[in-house]
Amino acid sequence: MKPSGALRFALAAALIALTAILLQARGRTEGIPQHLPLSSFPAELGNWDSALIELDKETLEVLGPGDFMERVYQDPAGKLPAVDVFIAYFPSQRTGDTIHSPQHCLPGAGWNPEENVRVRLSMVGHATFPANRYVISKGGARRLVLYWFWAHNRGVASEYWAKFYLVKDAIRMNRSDGSLVRFVTPMFPGETADTAQQRLLPFTSAVLPLLDDYIPR
């Protein structure tokens, strides 16, 4: 039986509090390797160009301290739907500023969940890792969402496993940095989630090798 929302919130809050206590107890500045700012993320991927989405003040306040990037990439031939890429990197989560799951914010924006399953993604030179495949709809429009949590060269789908690794890495590495990587693309009428995912995978494969430059191992 799945835990209730209140219980899951309590577990997540307890992990965050434990992480904060552990990091404060160690009393050392977190050692984060050098990395590029997300403002320098490529505006072109392959032959796809993009437009930068400026995050409004309210969104930035909800996200908290961090480095954020959202770009919408367009197929130059105009045959494929656009791909919205959002990356949020938090250099420290020791004060309770943690990563927000899209499953919390998308329904708040009026999108209705239709499907939520786990899939596995792969990248060259890296073991496969789990990600969330989320299908949402609003007013007849449907979107495919792929997202996962990425930290220290590790991808996980569960926000609770992400919290577990947050505590583990805080103890082992004195680091609490982490990120969220999210892709959103419109779905064709009648398109299945499997077909939309296969269409999106070449694009995600172009982004994955870049993550190490912006999200330090």
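Below is a short write-up of the structure.

Cut-offs applied
Residues numbered from 1 in each chain as written. Predicted model: local features only at pLDDT ≥ 70, side-chain atom pairs only at ≥ 80, totals over all residues. Heavy atoms only, no water. 1 Å grid on protein atoms, 1.4 Å probe; cavity = no way out; pocket = protein on both sides within 12 Å on 5 of 7 lines; lining within 4 Å. Points joined across faces, edges and corners; volume = space filled by probe spheres on them. Helix = DSSP H or I, 4+ residues; strand = E, 2+ residues; numbered from the N terminus. Nonpolar A, V, L, I, M, F, W, Y, C, P; charged D, E, K, R; others polar. Buried < 20%, exposed > 50% of the residue type's maximum accessible area, 1.4 Å probe, protein only. Contact = heavy atoms within 4.5 Å. Phe/Tyr/Trp six-rings, centres within 6.5 Å; stacked < 30°, edge-to-face > 60°.

### Focus on empty space enclosed by the protein
- One pass over the full model with this rule turns up one cavity of 30 Å³ or more.
- Lining of the largest cavity is provided by 19 residues; of these, Gln93, Ile99, Ala151, Ala162 and Leu166 occupy positions nearest its centre.
- Only β6 (141-151), β7 (154-156), α4 (159-173) and β8 (178-186) provide two or more residues apiece to the lining of the largest cavity.
- Among the elements that take part in the lining of the largest cavity, α4 stands out by supplying six residues, more than any other.
- Of the residues contributing to the lining of the largest cavity, the split by class is eight nonpolar, six polar and five charged.

### A few points about the environment of His152
- Relative to the assigned elements, His152 resides in the loop between β6 and β7.
- By relative accessible area, His152 is classed as buried at 10%.
- In this structure the C-alpha to C-alpha distance between His152 and Gly178, which are 26 residues apart in sequence, comes to 7.5 Å.
- Filtering out sequence-adjacent residues up to four positions away, His152 remains in contact with Asp169, Met173, Arg175, Asp177, Pro216 and Arg217.

### Digging into the packing of aromatic side chains
- For the structure shown, the criterion picks out 12 aromatic pairs.
- Measuring from centroid to centroid gives 5.2 Å for Trp48 and Phe203, while their planes differ by 55 degrees, and the two rings are tilted. Here Trp48, found in the loop between α1 (5-26) and β1 (49-52), pairs with Phe203, found in helix α5 (residues 193-207); they are 155 residues apart in sequence, far enough to count as distant. Just as Trp48 is buried, Phe203 falls in that class too.
- Members of the aromatic cluster, connected to one another through ring pairs, are Trp48, Tyr73, Phe129, Trp148, Trp150, Phe183 and Phe203.

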